[in-house]
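Structural description and commentary
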Amino acid sequence: MKKILVFFGILLCAVNLYAEKISVFVASSASKAMSEIKDEFIKTHPKDEVELVFGASGKYYQLLKEGREFDLFFSADAKYATEISKDGNAISEPKVYALGVVALYALDDELLEGGVEALDEKAEKIKHLSIANPKVAPYGEAAKQVLNHLKIYDSFKDKIVLGDNISQPVAYVDSGAAEVGIVAYSLVSAINHPKGKAVLVDEKLFTPLEQSFVVTKYAKNKKLANEFADFVSSARGKEIIKKYGFNTP
């Protein structure tokens with residue numbers, strides 16, 4: 001009996017020895033989709049662990065640059081993945097995993113009539129317009145581009161409520177802190193059962209959000225990181241990404 005217990009103890013140690021853990025940064029816009037992708041991936045990697053960390057791409061790019069160890073970095077645009085590669089902190093070339101879609105979001109259907117192009121007509125009804133911080137969040141920069149393209153930024157600049165990442169403008173609208181928000185459609189599409197409603201923003205009004213990722217130098221000897229990256233790019237991974245309202249490359 002003692003020999004059997006020793007054998008199983010050795011076997012358990014061997015299994016744990018080959019188990020891996022990776023830390024993955026994911027832009028908030030992809031938080032819902034990537035959470036489901038992780039759950040699907042882990043079904044075939046039950047001994048391994050995938051830690052997802054969500055936030056604003058710019059903020060976490062800076063943390064990575066300062067030494068925060070992420071094995072993969074999924075940005076909300078191409079810029080930060082490219083910068084990581086230029087910094088010498090990536091061991092893979094940047095790869096597009098999703099094409100971002102922007103939406104106007106509100107609880108009041110009347111504020112959505114005519115889409116973002118009709119926002120200026122409703123300026124008096126809108127006390128607060130929420131977007132993500134353009135300095136750190138690509139969707140915030142896209143929202144600012146939309147307002148500037150339509151020449152209505154000046155009408156709303158004193159009403160803008162900034163979120164630290166793209167999840168916060170959704171929460172501000174849901175709580176009533178803002179009447180409307182320009183947000184990531186992936187967070188307010190039907191599968192999310194949003195509190196409000198959304199209408200898509202014409203993609204011609206902002207620079208394309210080519211959401212890209214890299215495998216970082218911290219994953220140099222981690223097979224799991226490459227396997228997870230491959231799964232995200234697989235047909236099944238793209239199927240899940242599209243389900244949340246993204247387009248895919």
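Small disclaimer: the values here were computed from a predicted structure and weren't measured.

Conventions adopted
Residues numbered from 1 in each chain as written. Predicted model: local features only at pLDDT ≥ 70, side-chain atom pairs only at ≥ 80, totals over all residues. Heavy atoms only, no water. Helix = DSSP H or I, 4+ residues; strand = E, 2+ residues; numbered from the N terminus. Buried < 20%, exposed > 50% of the residue type's maximum accessible area, 1.4 Å probe, protein only. Contact = heavy atoms within 4.5 Å. Lys, Arg positive; Asp, Glu negative; His and termini not counted. Charge placed at Lys NZ, Arg CZ, Asp CG, Glu CD. Pairing = 2+ DSSP bridges. Axes fitted to C-alpha atoms, helices over the stretch in contact; angles between N-to-C directions. Arc of directions from axis to C-beta. Salt bridge = Lys/Arg side-chain N within 4 Å of Asp/Glu carboxyl O.

Some remarks on the overall build of the protein chain
Within the protein chain, the regular secondary structure consists of 10 helices and 10 strands. Each principal axis of the C-alpha atoms in the protein chain carries an extent, and together these give about 80 × 40 × 30 Å. By residue count, 47% of the 249 residues in the protein chain fall in the buried class. Sequence-distant contacts, at least 24 apart, represent 79% of the contacts inside the protein chain between residues at least 6 apart. When the 32 positive and 34 negative side-chain charges of the protein chain are each reduced to one mean point, those points stand 6 Å apart.

With respect to the sheet that holds strand β6 (residues 129-132)
On the basis of which strands lie adjacent, the open sheet formed by five strands has the order β7-β6-β8-β5-β9 and mixed pairing. Whereas interior strands pair on both sides, the edge strands pair on one side only; in this sheet they are β7 (160-163) and β9 (197-200). Adjacent strand axes in the sheet meet at a mean angle of 30° when their direction is disregarded. Sheet analysis places β6 next to β7, joined by four bridges and oriented parallel. In the strand pairing of β7, L129 is matched with I160. Contacting β5 (102-106), β6, β7 and β8 (180-184), helix α7 (residues 167-175) crosses the sheet at an angle of about 130° to β7.

Some thoughts on helix α3 (residues 57-65)
Within α3 the residues assigned to the buried category are S57, G58, Y60, Y61 and L64. Down the axis of α3, the buried set is contained in an arc of 170°. They therefore lie on one face. Tucked into the core, α3 has its buried residues touching β1 (21-27), β2 (49-55), β3 (72-74), α4 (79-86) and α5 (138-149). Backbone geometry just downstream of α3 places G67 in the positive-phi region, at approximately 120°.

Re the pattern of salt bridges
Throughout the structure, instances matching the rule amount to nine salt bridges. Of the charged contacts in the structure, one is a salt bridge between K43 and E40, with a shortest N-O distance of 3.2 Å. Residue E227 pairs with K223 through a salt bridge whose shortest N-O separation is 3.7 Å. With a gap of four residues between them, E227 and K223 both fall in helix α9 (residues 223-233), about one helical turn apart. Connected via shared salt-bridge partners are E40, K43, R236 and E239.

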